[in-house]
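# Examining the three-dimensional arrangement
The primary structure of each chain is shown beneath.
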Amino acid sequence: MKILFISLGCDKNLVDTEVMLGMLASRGYEMTNDEQEADIIVINTCCFIHDAKEESIQNILEMAEYKKNGSAKALIVTGCMAERYRQEILDEIPEVDEVLGTTAYDRILDAVDAALAGQHEVMTADLDALPLPETKRLVTTGGHFAYLKIAEGCDKHCTYCIIPKIRGNFRSVPMERLLKEAQDLAEQGVKELILVAQETTLYGKDLYGEKSLPKLLRELCKISGIRWIRILYCYPEEITDELIQVKEESKICHYLDLPIQHANDTILKRMGRRTSKQELIDIVQKLRKEIPDICLRTTLITGFPGETQEQHEEVMEFIDTLEFDRLGAFTYSPEEDTPAATFEDQIDEEVKEDRQADIMELQQEIAFDKAEDMIGREVLVMIEGKVADENAYVGRTYRDAPNVDGLIFINTDVELISGDFAKVKVTGALDYDLIGELI
Ligand code: F3S
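Analysis parameters
Residues numbered from 1 in each chain as written. Predicted model: local features only at pLDDT ≥ 70, side-chain atom pairs only at ≥ 80, totals over all residues. Heavy atoms only, no water. Near = heavy atom within 4 Å. 1 Å grid on protein atoms, 1.4 Å probe; cavity = no way out; pocket = protein on both sides within 12 Å on 5 of 7 lines; lining within 4 Å. Sits in = over half its atoms within 2 Å of the grid points. Helix = DSSP H or I, 4+ residues; strand = E, 2+ residues; numbered from the N terminus. Nonpolar A, V, L, I, M, F, W, Y, C, P; charged D, E, K, R; others polar. Contact = heavy atoms within 4.5 Å. Polar contact = N/O pair within 3.5 Å; in protein donor to acceptor, adjacent residues only side chain to side chain. Points joined across faces, edges and corners; volume = space filled by probe spheres on them. Pairing = 2+ DSSP bridges. Axes fitted to C-alpha atoms, helices over the stretch in contact; angles between N-to-C directions. Salt bridge = Lys/Arg side-chain N within 4 Å of Asp/Glu carboxyl O. Buried < 20%, exposed > 50% of the residue type's maximum accessible area, 1.4 Å probe, protein only.

## Regarding the site of the ligand
The environment of the ligand is made up of Gly 9, Cys 10, Asn 13, Cys 46, Cys 47, Phe 48, Cys 80, Ile 163, Ile 166, Arg 167 and Gln 198. Using a 2 Å cut-off from the grid points, one finds that the ligand occupies the largest pocket. Sort the elements by how many residues they give to the shell around the ligand and helix H6 (residues 163-167) lands first, with three residues. Tallied by class, the residues present in the shell around the ligand amount to seven nonpolar, three polar and one charged.

In structure tokens form, the structure reads like this:
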């Protein structure tokens, strides 16, 4: 039987997809990208913001057509949207056979059996469960880098965020389990590990009584084959001196993703964030002082309820002063069942978008200047692939996470393959990307 698997949403969801793919492959199912020849279709959904929800629904409806016309025998919906709208999905889209919650994805084989047997049901587990199936993941990211999900859920309860309701409370994956998974990935050829979780900085607090990310990182550094380790989703208030000191390990990328969401104290408080503007300034300055070549990424939300033009300008000034290397701005999306959705002073969509555009325009200038500053520097590049029909390759430096950051283009006749590391001199800048030559 052939399976078509559609994975939507974030890298955390992608890890769940890869676990499910591993389980399906272990049973001998063949994967296909062709809807027409798929016997079973699985969609791993996202519902973080309105657009993600729309995309998930669109995908389910499109795939339901293949069930309707008889070419597909089973349609299964998993992931965040499945968890949140379980019964609604079954009731509203009768072509869906099985709905699998976020903590029940390890039952994907049961779901396939049940769907093929003509059942129509929701399979969920305790929202705070932590499925740890033994089957090896099927890495879908090209083989040279992989995400390592070190924890699940979140306890922070920011007022705009639905995640705790669909992913449960924060719980860490035991360290020995992560080290084994990382070892397996290294044996499969993975050279870059990207640590993800709703929040990575709190890793281990629940299991070991103390924040254990530094210890985990030092242990991961011992795995041969792994050359780069990158950390995403760090909460500013959870960054410790001990974590900063891990900079001395040569495999740790001097790169930190630090989502701050806003810079005005009133809005930060209404968002339920646990930092103030001054604390954010202090941590950024400290990181830059301790690790001068650090590349800092952040995300911001525009048009949170009650955000005034002055508060927006304060964010602009903040960005202008701190000059994050990478930055993404998103418009606020009111999510049902979150406190912020009930706040009365919601902002017009147009204003949210204008403010988002303002921020991105400013960031563009900052990013372009920073790219220019790289010219003349020698950097280590991980090759991502060859540019079609040209003697050129594309890669990433330690300053670039896959899919969200920039790239570097290298013209050369030398044969390179994905996952190779090359020393490159930066010779030019193309907006967010760089151009370089092999040394
Ligand atoms: Fe990720 Fe979307 Fe779920 S962002 S955690 S897949 S709601």
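## Some words on the environment of Gln 346
Relative to the helices and strands, Gln 346 resides in the loop between strand E14 (326-331) and helix H14 (349-373). The spatial distance from the C-alpha of Gln 346 to the C-alpha of Gly 303 is 7.9 Å, given a sequence separation of 43 residues. Not counting chain neighbours up to four residues away, the residues in contact with Gln 346 comprise Pro 305, Tyr 332, Pro 334, Ala 340 and Ala 341. Here the side chain of Gln 346 touches Ala 340 through a polar contact of 2.9 Å, landing on its backbone oxygen. Looking at Gln 346, its side chain comes within polar contact range of the main-chain oxygen of Phe 343, at 2.9 Å.

## Some details on the layout of surface pockets
Estimates place the volume of the largest pocket at around 1300 Å³. Together, 46 residues line the largest pocket, and Cys 10, Lys 12, Phe 48, Tyr 233 and Phe 330 are the ones closest to its centre. Of all the secondary structure elements, the ones that give two or more residues to the lining of the largest pocket are helix H1 (11-26), helix H2 (50-68), H6, strand E13 (295-302) and E14. Broken down by class, the residue content of the lining of the largest pocket amounts to 27 nonpolar, nine polar and ten charged. Quantified by volume, the second largest pocket comes out at close to 420 Å³. Looking at the second largest pocket, it is lined by 23 residues, and the ones nearest its centre are Val 19, Pro 133, Arg 137, Arg 177 and Glu 181. Elements with a contribution of two residues or more to the lining of the second largest pocket: H1, strand E8 (151-152) and helix H7 (175-187).

## Digging into the sheet that holds strand E18 (residues 421-430)
Here five strands make up a closed barrel; going around it, the order is E15-E16-E17-E19-E18 and the pairing mixed. Across the sheet, the axes of successive neighbouring strands diverge by a mean angle of 50°, strand direction being ignored. Where strand E15 (residues 378-386) lies against E18, five bridges are found, and the strand directions are antiparallel. Note that in E18 the partner of Val 381 across the bridge is Ala 422.

## With respect to the pattern of salt bridges
Considering all chains together, one arrives at 39 salt bridges under this definition. For Glu 181, the salt bridge is made with Arg 137, and the minimal N-O distance between the two is 2.7 Å. Separated by 44 residues along the polypeptide, Glu 181 in helix H7 and Arg 137 in the loop between strand E6 (121-123) and strand E7 (145-149) bring together distant segments of the chain. On the basis of relative accessibility, which here comes to 16%, the residue Glu 181 falls in the buried class. Overlapping salt bridges bring together Lys 156, Glu 199, Lys 211, Glu 237 and Glu 238 as one network.

## Describing the side chain of Glu 307
With respect to the helices and strands, the residue Glu 307 is situated in the loop between E13 and helix H13 (309-322). Accessibility expressed as a relative area gives 4% for Glu 307, which makes it buried. A distance of 2.8 Å separates polar atoms of two side chains, one belonging to Glu 307 and the other to Arg 355. Not counting chain neighbours up to four residues away, the residues in contact with Glu 307 comprise His 262, Ile 267, Ile 301, Thr 302, His 312, Ile 347 and Arg 355.

## Remarks on the environment of Ile 408
Considering the arrangement of structural elements, one finds Ile 408 in strand E17 (residues 408-411). A relative accessible area of 0% means that Ile 408 is categorised as buried. Note: C-alpha distance between Ile 408 and Ile 108 (300 residues apart in sequence) is 39 Å. Excluding its chain neighbours within four sequence positions, the residues that come into contact with Ile 408 are Val 379, Val 381, Tyr 393, Val 394, Gly 395, Arg 396, Thr 397, Val 424, Val 426, Leu 434, Ile 435 and Gly 436.

## Considering the side chain of Asn 264
Within the secondary structure, Asn 264 is located in the loop between strand E12 (252-257) and helix H11 (265-270). Among the polar contacts listed, one links the side chain of Asn 264 to the backbone nitrogen of Thr 266, at a separation of 3.0 Å.

## A look at empty space enclosed by the protein
Summed over all chains, the structure comprises one cavity of 30 Å³ or more. Approximately 130 Å³ is the volume attributed to the largest cavity. Along the walls of the largest cavity sit 15 residues, with Ile 231, Leu 243, Ile 252, Leu 256 and Ile 291 positioned nearest its centre. Listed by contribution, the elements that provide at least two residues to the lining of the largest cavity are helix H10 (241-245) and E12. Sorting elements by how many residues they give to the lining of the largest cavity places E12 first, with five residues. In the lining of the largest cavity, the residues fall into 13 nonpolar, one polar and one charged.

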